[in-house]
Amino acid sequence: MHQPTTPYLHRAASGRPYFSADGETYLAPAPLRDLEKTEPLRVLSEEDFAFWQTYGHVVVREAITPGAAKGLLDLALDFQGLDPGCPETWYEEPEFRSDLDRHLFIYGFVEAYHHQLIWDSRQTRRVYDAFVDVWDCEELWVTLDRLNLNPPNVRTRSRSLIEATDEGFDIELHWDVDTTLAVLPQRVQGIIALTDTRPELGGFQCAPELFRRFEEWRLAQPAGRDPVRPAAGRAEFPVVRPELQAGDLLIFNGLLAHGVAPNSSEQGLRAVQYLSMMPALEEHTRLRRSRVESWRTLSTPDWNATLLGDAHRPEALRYGPAELDGLGRKVLGLDSWSGTEGAQ
């Protein structure tokens, strides 16, 4: 992972500075929930933006077309060799390299990062404009993330196969940033639904009321509390599942407690594409070159230790680099937002 000794600065066109060492979490003069817009909204309505700031998430309808979502669902199935009409194929275990590898299989991660269809979502203008709205910043980089395909969580994909813990990461409800820090980092994440939500399919869930009352809640917490797992009663802070249709984009704040409910259906499949955008760190030459090289050679991105790549047949053995349009080249980092020479 890229961890320089000092954070890099991105200054938005508004003059607002964003600092980050890794292109994943950022420090800013004001939290995103308190951000005052300087640029007109492109995709979100005023009501959408107010909801985002109050409850920590917002849904953008038809960010990609339902047809594009279906194509990505088919890709997720094909990449893992799963037959949608034959559930027996969903539970054939590959040879695992580590406990993490096994956990990722159970959770449904698909180790595809650079297929053309994945990049088509990343360079969709409506998707990009939605992230411009929440950051109030045009110069963005897209996260090089993957797909998720979650069959019913039974047999070899049962979550009971993962040893439960009393603290730390909990797939059903957690934060992705350390919420005990004096200065809270800013992070934005997103998923594109590739299937329609149904209660029995499980899927993304969150605690919006906890986000709304977070400062009040954390002042009442004891010292030494768990920084990533909230000890919050669900009666007072209900956990909800936003309704999504295939092609919808859900954007959420890193300070929103969230998780993934298990798939309890008989034979239903749930799938998403993970996709987020952050202020570009163009002066971070090492990170920029790493991103471009990952796209060019279809090597597994290295910004997160949980990105493992497919052990049996990695992407580089399956297809060539995706074609990028002008927006795609910029959100990758191949071309600079300032018009200067691209990464080599």
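Per chain, residues are indexed from 1 in the order of the written sequence. pLDDT decides what is reported in this predicted model: residues at 70 or higher carry local features, side-chain atom pairs at 80 or more are listed and counted, and totals for whole chains, interfaces and linings draw on all residues regardless. As a convention, hydrogens and water are excluded, and side-chain values are obtained from all of the structure's heavy atoms.

For this particular structure, what's the right way to read the pairing of strand 6 (residues 147–150)?
It is a general feature of regular strands that their side chains alternate between the two faces of the sheet. A two-sided burial pattern is seen for strand 6, the buried positions comprising L147 and L149 on one face and N148 and N150 on the other. One bridge is not enough; two strands pair if DSSP finds at least two bridges between them. The helix count covers DSSP runs of H or I at least four residues long, the strand count covers runs of E at least two residues long, and both are numbered beginning at the N terminus. Relative to strand 6, strand 4 (residues 109–110) is paired through two bridges, and the arrangement is antiparallel. Within the sheet, the bridge partner assigned to V110 lies in strand 6 and is L147. Alignment of strand 6 against strand 11 (residues 270–274), held across four bridges, turns out to be antiparallel. When the sheet's bridge partners are listed, N150 is paired in strand 11 with R270. With a 1.4 Å probe rolled over the protein chains alone, any residue whose accessible area is under 20% of its type maximum counts as buried; one over 50% counts as exposed, and the rest are partly exposed.

Which parts of the structure should I look at to understand the sheet that holds strand 3 (residues 57–60)?
Hydrogen bonds between backbone groups are what pair the strands of a sheet, and the pairing can be parallel or antiparallel. If you trace the six strands from one edge of the open sheet to the other, you get 3-9-7-11-6-4, paired in antiparallel fashion. The open sheet is flanked by strand 3 and strand 4, the only strands paired with a single partner. A contact between two residues is defined here by any heavy atoms of the two lying within 4.5 Å. The convention used is that axes are lines fitted to C-alpha atoms, helices contributing only their stretch in contact, and that angles between N-to-C directions extend from 0 to 180 degrees. Contacting strand 3, strand 7 (188–193) and strand 9 (249–253), helix 1 (residues 46–55) crosses the sheet at an angle of about 145° to strand 3. Here helix 2 (residues 66–80) sits on the sheet in contact with strand 4, strand 6, strand 7 and strand 11, set at roughly 75° to strand 6.

Looking at this structure, I do not really get the packing of aromatic side chains. What am I missing?
Pairs of aromatic rings are described using the distance from one ring centre to the other and the angle between the two planes. Only Phe, Tyr and Trp rings are paired, with Trp represented by its six-membered ring, and only when their centres lie within 6.5 Å; those with planes under 30 degrees apart are stacked, over 60 edge-to-face, the remainder tilted. Applying the stated criterion across every chain, the model contains 11 aromatic pairs. Relative to Y274, the ring of F109 has its centre 5.7 Å away and its plane inclined at 25°; by these criteria the two rings are stacked. Taken together, the positions of F109 in strand 4 and Y274 in strand 11 put the pair 165 residues apart, joining distant regions of the chain. The pair formed by F109 and Y274 is uniform in burial state, with each residue classed as buried. Among the aromatic residues, those joined into a ring-pair cluster are Y18, Y26 and W135.

Any chance you could explain a nonpolar patch on the surface here in plain terms?
Patch definition: residues above 30% relative accessible area lacking any salt bridge, with like charges linked at up to 9 Å and the nonpolar side chains Val, Leu, Ile, Met, Phe, Trp and Tyr linked at up to 5 Å. The method behind every accessible area is Shrake-Rupley, applied with a 1.4 Å probe, and residues are considered shielded solely by the protein chains displayed. The salt bridge criterion pairs a side-chain nitrogen of Lys or Arg with a carboxyl oxygen of Asp or Glu, the two atoms within 4 Å. A cluster of nonpolar side chains, contributed by L9, F19, L27 and V183, occupies part of the molecular surface with about 330 Å² of accessible area. Topologically, F19 is positioned in strand 2 (residues 17–20).

For this particular structure, what's the right way to read unusual backbone geometry?
As a rule of thumb, non-glycine residues mostly have phi less than zero, and peptide bonds are mostly trans rather than cis. One non-glycine residue, E62, adopts positive backbone phi at about 45°. With respect to the element layout, E62 can be found in the loop between strand 3 and helix 2. In this model, L298 sits at a positive phi of 55°, which is unusual for a non-glycine residue. On the secondary structure map, L298 appears in the loop between helix 8 (285–297) and helix 9 (326–332).

Please explain the pairing of strand 7 as it appears in this structure.
Burial within strand 7 is extensive, with six of its six residues counted as buried. Burial of strand 7 is two-sided: the residues V188, G190 and I192 facing one way and the residues Q189, I191 and A193 facing the other way are all buried. Bridging between strand 7 and strand 9 involves five bridges; their strand directions are antiparallel. Bridge pairing links I191 to L250 in strand 9. Across three bridges, the pairing between strand 7 and strand 11 is antiparallel. Counted as the bridge partner of I191 is Y274 from strand 11.

For this particular structure, what's the right way to read the pattern of salt bridges?
For side chains of opposite charge, pairing can occur when their charged atoms come near one another. Enumeration over the complete set of coordinates arrives at 19 salt bridges. Between R146 and E111 there is a salt bridge whose closest N-O contact spans 2.8 Å. Of this pair, R146 sits in the loop between strand 5 (140–142) and strand 6 while E111 sits in the loop between strand 4 and helix 4 (116–122), placing them 35 residues apart in sequence. Across the pair, exposure class does not vary: R146 and E111 are buried alike.

How should I be thinking about the side chain of N263 in this particular structure?
Tracing the sequence through the fold places N263 in the loop between strand 10 (258–261) and strand 11. From its side chain, N263 meets the backbone oxygen of N150 in a polar contact 2.9 Å long. The definition of a polar contact used here is a pair of N or O atoms within 3.5 Å, where within protein one atom must be able to donate a hydrogen and the other to accept one, and adjacent residues in sequence count solely through side-chain atom pairs. Within the structure, N263 has its side chain in polar contact with the side chain of S265 (distance 2.7 Å). Discounting residues that sit within four places of it in the chain, N263 has contacts with N150, P151, P152, N153, E200, L201, G202, G268, L269 and R270.

I keep staring at helix 3 (residues 99–107) and nothing clicks. Help me out?
Note: α-helices contain 3.6 residues per turn, so residues at a spacing of three or four share the same orientation. The set of residues buried in helix 3 consists of D101, L104, F105, I106 and Y107. Among the residues trailing helix 3, G108 stands out with phi positive, at a value near 95°.

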